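Here's the letter readout for the chains.
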Amino acid sequence: MFSVDCTKLKDYFLPAKREFDCIYFNFPHCGRKAGVVKNRELLSRFFHSCAEVLTQDGEVHVALCRGQGGTPADQPRREWHNSWQVVTVAASAGFILSDVHPFRAETAHGYECTGYRSQDKSFCIEGALNHVFTRSTPLLYCKPLICEIQLERQSISFQVPQVLLDKINRGFLERNSNHPVRTIKEKLTAVLSQAFPLQSIDYCLSLLLQGHLNAVCHSNIFWILPSPEETPSTEEMASGRANAILFSHVDFHGDTDKNVREGCQTPKRCYLRPSLLPYAQAIIKSAAFVPGTLYVFSGPVFRKCRISPYCMPVFHEMLFVCAVNRGSENSCTQMVVDKIKTSIRSLHQTISDFKLSISMQEATSLGTAEINDFAAFESQLGKIQFFLCMEVDTRDSSERGSCVGAVRMAPYEPAGSDLVVVFVSLNLDLMAMLICAIDDWRMLWTSDARFLHQFPAGELRIFRSFSLYPPSYVHDVSFWLPDGEQFDDVAFHTIAREVSDEAVASIHLLDDFQQPGTGRKSLCCRLTFQSCDRALGRGEVAAMQLRFREEISQRLRVALR
């Protein structure tokens, strides 16, 4: 009617009139007997055209006949290869599917469903769906970041590991934050302050620690070692002229223990804090420590880990510490845990009718399948008496649960004291996910403002995803392991995080093979790329996969097949 080509929209409007709030394309089709491939191409060119004329907060509405979209919302759902794959096509132009609902012609002002051209035949819209697309936040390129801190009266500058560049200094626990983890922290603090004299210590806690980690698996640590070219000379150290040292992040692989032993030769071996326990242990030994007072520590901690929706390389830990008379440690622990349960149930009941249960389970009674990465690492930091576990009924009537805390007890030094120290550590991020029904830890760290807009003024709510049915892409990689070296799967997962900007949703071992005669071993792993908060196109993923192959070849010394 208006001779406008939907694949070249900017050519038909002056620059001042290109800012559209909404673009509708109802039942697109190439015409005649065009197949699904040609119609995908039409949609691809249309979405790229929309990107040039749509406002930042605008919407693109695409109505498709039953089954064409290829999403789980279609009933019945076509086979993937026989659908228009609308979400994947839109992702290539930077759009995400934010809503999908039954098509109603009356909702589009001025639109009339006229039927087939030159025929007395109505157009069937039964089961048709309207797909609402919005702009995705772009992939942010994070420049290398140098942080400077004071550690043991010395100024230390260190390079932030690449996988943590967008997660350092996010300020989720600061006073002006309305992030769910802060809301949970403040609620716990308020309730516990009514039962104990309470002192919060969440300031001046260095991100770096020094010292030995005897029981902790070194593959889980973000090691920070001095750059050789920046290491001061012996004369500078002796004269005191060296007051700042530049540290860089180091990935250990292969003979990890050997590397760490060699690193022990320098007193400057540091690592990003994997726990707040060292700060609690330090204050216990100080003269300012008062038995009976509940000390509260909080802040982000950093741990290398395998990729999964509930396993995070950085999270916010909350640690409670109190010294009590021997014999009353169990009652003190029960009181702290009961107050935690009361707080969490109170928060959850305000936003959901789903049942939430919190239990304290003995560490020895927890099955292998029930121990998540958080619990497994906590066990390395010292003996645990109890795990704190949360379980929530979900929207689909299934149950979702996880270990979210650990309880320890230790004699109070010096020897002969009649006091016992109780430590209760919590993973605030896991608790926020379970309370607010957030399915993927990456959503907690998204830069998309639509996440925090769902929690105004720190109010907790059930989270509604703004990216529905995100496309996923599968890539397999096979490689020979280096002779005589133990494969570091945590390093393998960490490299995948780095090259994809956390776009790898899962890694599974498909096959392992040992060559007869030589004993040479090969692995085949499947990487599934899927972003929970931004558009992810096929070409973008292919580039990530190529870089991943290059990185594991260089850094893990594997031979690609």
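Reading the values: rules and limits
- Residues numbered from 1 in each chain as written.
- Predicted model: local features only at pLDDT ≥ 70, side-chain atom pairs only at ≥ 80, totals over all residues.
- Heavy atoms only, no water.
- UniProt positions renumbered as here; feature names shortened; annotations may be inferred.
- Helix = DSSP H or I, 4+ residues; strand = E, 2+ residues; numbered from the N terminus.
- Contact = heavy atoms within 4.5 Å.
- Phe/Tyr/Trp six-rings, centres within 6.5 Å; stacked < 30°, edge-to-face > 60°.
- Expected span 1.5 Å × (residues − 1).
- Buried < 20%, exposed > 50% of the residue type's maximum accessible area, 1.4 Å probe, protein only.
- Pairing = 2+ DSSP bridges.
- Axes fitted to C-alpha atoms, helices over the stretch in contact; angles between N-to-C directions.

The protein chain is annotated in an unreviewed UniProt entry as phenylalanine--tRNA ligase from Chrysolophus pictus. UniProt, in its Sequence similarities (unreviewed entry) section for the protein chain, records the words "Belongs to the class-II aminoacyl-tRNA synthetase family." Here is the UniProt Catalytic activity (unreviewed entry) comment for the protein chain, exactly as written: "tRNA(Phe) + L-phenylalanine + ATP = L-phenylalanyl-tRNA(Phe) + AMP + diphosphate + H(+)".

Asker: Looking at this model, I keep getting lost on the overall build of the protein chain. Mind explaining?
Answerer: Helices and strands together make up the secondary structure of the protein chain, namely 12 helices and 21 strands. Considering only contacts in the protein chain between residues 6 or more positions apart, those separated by 24 or more positions represent 72%.

Asker: What is the right way to read the packing of aromatic side chains from this model?
Answerer: Within a pair of aromatic rings, the relevant descriptors are the distance that separates the centres and the angle that separates the planes. Scanning the entire structure with this criterion turns up 18 aromatic pairs. Through successive ring pairs, a cluster of aromatic residues spans F25, F46, F47, F95 and F133.

Asker: Any chance you could explain helix α3 (residues 180–193) here in plain terms?
Answerer: Every α-helix winds through 3.6 residues per turn, so residues three or four apart in the chain are directed the same way. With 14 residues, α3 should reach 20 Å at 1.5 Å per residue; the first-to-last C-alpha distance of 20 Å fits that figure. With respect to burial, α3 is a largely interior element, 10 of its 14 residues being buried.

Asker: Explain the sheet that holds strand β19 (residues 504–514) here, please?
Answerer: Where strands meet in a sheet, backbone hydrogen bonds hold them as pairs that are either parallel or antiparallel. Pairing within the open sheet is antiparallel, and its four strands lie in the order β19-β20-β18-β21. Each having just a single partner strand, β19 and β21 (559–560) make up the two edges of the open sheet. Relative to the sheet, helix α11 (residues 489–500) contacts β18 (473–480), β19 and β20 (521–529), its axis offset from that of β19 by approximately 140°. Set on the sheet, helix α12 (residues 538–555) makes contact with β18, β20 and β21; between it and β18 the angle comes to about 15°.

Asker: So what exactly am I meant to see when it comes to the sheet that holds strand β2 (residues 54–64) here?
Answerer: Taken together, the four strands give an open sheet; going across it, the order is β1-β2-β4-β3, and neighbouring strands pair in mixed fashion. Looking at which strands have only one partner, the edges of the open sheet turn out to be β1 (20–26) and β3 (95–102). Each neighbouring strand pair of the sheet contributes to a mean axis angle of 20°, computed without reference to strand direction. Bridge count between β3 and strand β4 (residues 129–135): seven bridges; the pairing is antiparallel. Paired with H101 across the bridge in β4 is N130. In this fold helix α1 (residues 36–50) packs onto β1, β2, β3 and β4, with an angle of close to 155° to the strand it touches most, β2.

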